[in-house]
Amino acid sequence: MDPVIWIVIAVIALIIVIALIALAARNNNRKKLTEASELRRDARQREKRLDHQEAAAREQEHRAGAAEQEARAKSAEADMLRAEADQRRGALDEQKSAVRRMERTAEKLDPRHRADDDARLDDRSRDRGAGPGYDQGRHRVRTDGADDPLDSGAGAASSGPGAGPDGRRAPGPLDDAPGRIDPDASRH
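These numbers were taken from a predicted model, which means no experiment stands behind them. (Residues numbered from 1 in each chain as written. Predicted model: local features only at pLDDT ≥ 70, side-chain atom pairs only at ≥ 80, totals over all residues. Heavy atoms only, no water.)

Observations regarding the overall build of the chain
- When helices and strands are tallied, the chain shows two helices and two strands.
- Secondary structure elements of the chain occur, N-terminal to C-terminal, as α-α-β-β.
- Looking at the chain as a whole, 12% of its 188 residues qualify as buried.
- Taking contacts inside the chain between residues at least 6 apart in sequence as the whole, the part at least 24 apart equals 43%. (Helix = DSSP H or I, 4+ residues; strand = E, 2+ residues; numbered from the N terminus. Buried < 20%, exposed > 50% of the residue type's maximum accessible area, 1.4 Å probe, protein only. Contact = heavy atoms within 4.5 Å.)

Side note on the pattern of salt bridges
- Evaluated as defined, the whole model comprises four salt bridges.
- We note a salt bridge from R58 to E54, for which the minimum N-O separation is 3.7 Å. Of this pair, R58 and E54 both sit in helix α1 (residues 3–109), four residues apart, roughly one helical turn. (Salt bridge = Lys/Arg side-chain N within 4 Å of Asp/Glu carboxyl O.)

Some thoughts on a positive patch on the surface
- Residues R40, R41, R44 and K48 make up a contiguous surface patch of positive charge.
- Turning to its location among the elements, K48 is positioned in helix α1.
- For K48, a relative accessible area of 55% translates into the label exposed. (Patch = residues over 30% accessible without salt bridge, like charges linked within 9 Å, V, L, I, M, F, W, Y side chains within 5 Å. Areas by Shrake-Rupley, 256 points an atom, 1.4 Å probe, with all protein chains shown as cover. Lys, Arg positive; Asp, Glu negative; His and termini not counted. Charge placed at Lys NZ, Arg CZ, Asp CG, Glu CD.)

Description of a nonpolar patch on the surface
- On the surface, a cluster of nonpolar side chains totalling about 530 Å² of accessible area is made up of V4, V8, I12, I16, L20 and L23.
- As for its placement among the helices and strands, L23 is situated in helix α1.
- Among the residues examined, L23 registers a relative accessible area of 41% and is labelled partly exposed.

Observations concerning the confidence of the model for the chain
- On average, residues of the chain score 76 in pLDDT, and 59% of them reach the 70 mark or higher.
- Confidence over residues 130–143 falls short of pLDDT 50; this stretch has 32 contacts with residues more than four positions distant or in other chains.
- The low-confidence segment residues 148–160, where pLDDT is below 50, has 39 contacts with residues more than four positions distant or belonging to other chains. (pLDDT = per-residue confidence, 0-100.)

Structure follows, in structure tokens:
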């Protein structure tokens, strides 16, 4: 065969090989472009999800901050209310104490109350054989700090029924009892 034909066949073969290489390269590029576009699409979708999650996280942080502020405000309000309640309780305790003092003073000054007490003392003295200020042979002790109307102590020294001309109470059947403490002794 002629060498020209061989050259033409070689050139055609070379063109086919180059075309196949170019086609393979182009297919490879298309494949890479497709993969790249899929990766970009996935990246955008993930980015959107992350943006939503970040927005949710920011919102949750905002709610947490608001809850902390509300808790601080509630705590401050609770402290203020507690202090106010303590202050009111103290004022009420003082007022109750003043009312009790007023009641004790009124009991000391009320002649009807004193007459009722003296009548009860006389009845008890006859029934038990005990005198004023004694309960079944034992001295009465008040724990509330009030003068006991049945006691022969300082509360009985005010004027009223049973009191003598000098404002002291009249002597009772146990005034001469051994170990008796005279409540009027400090007044002599």
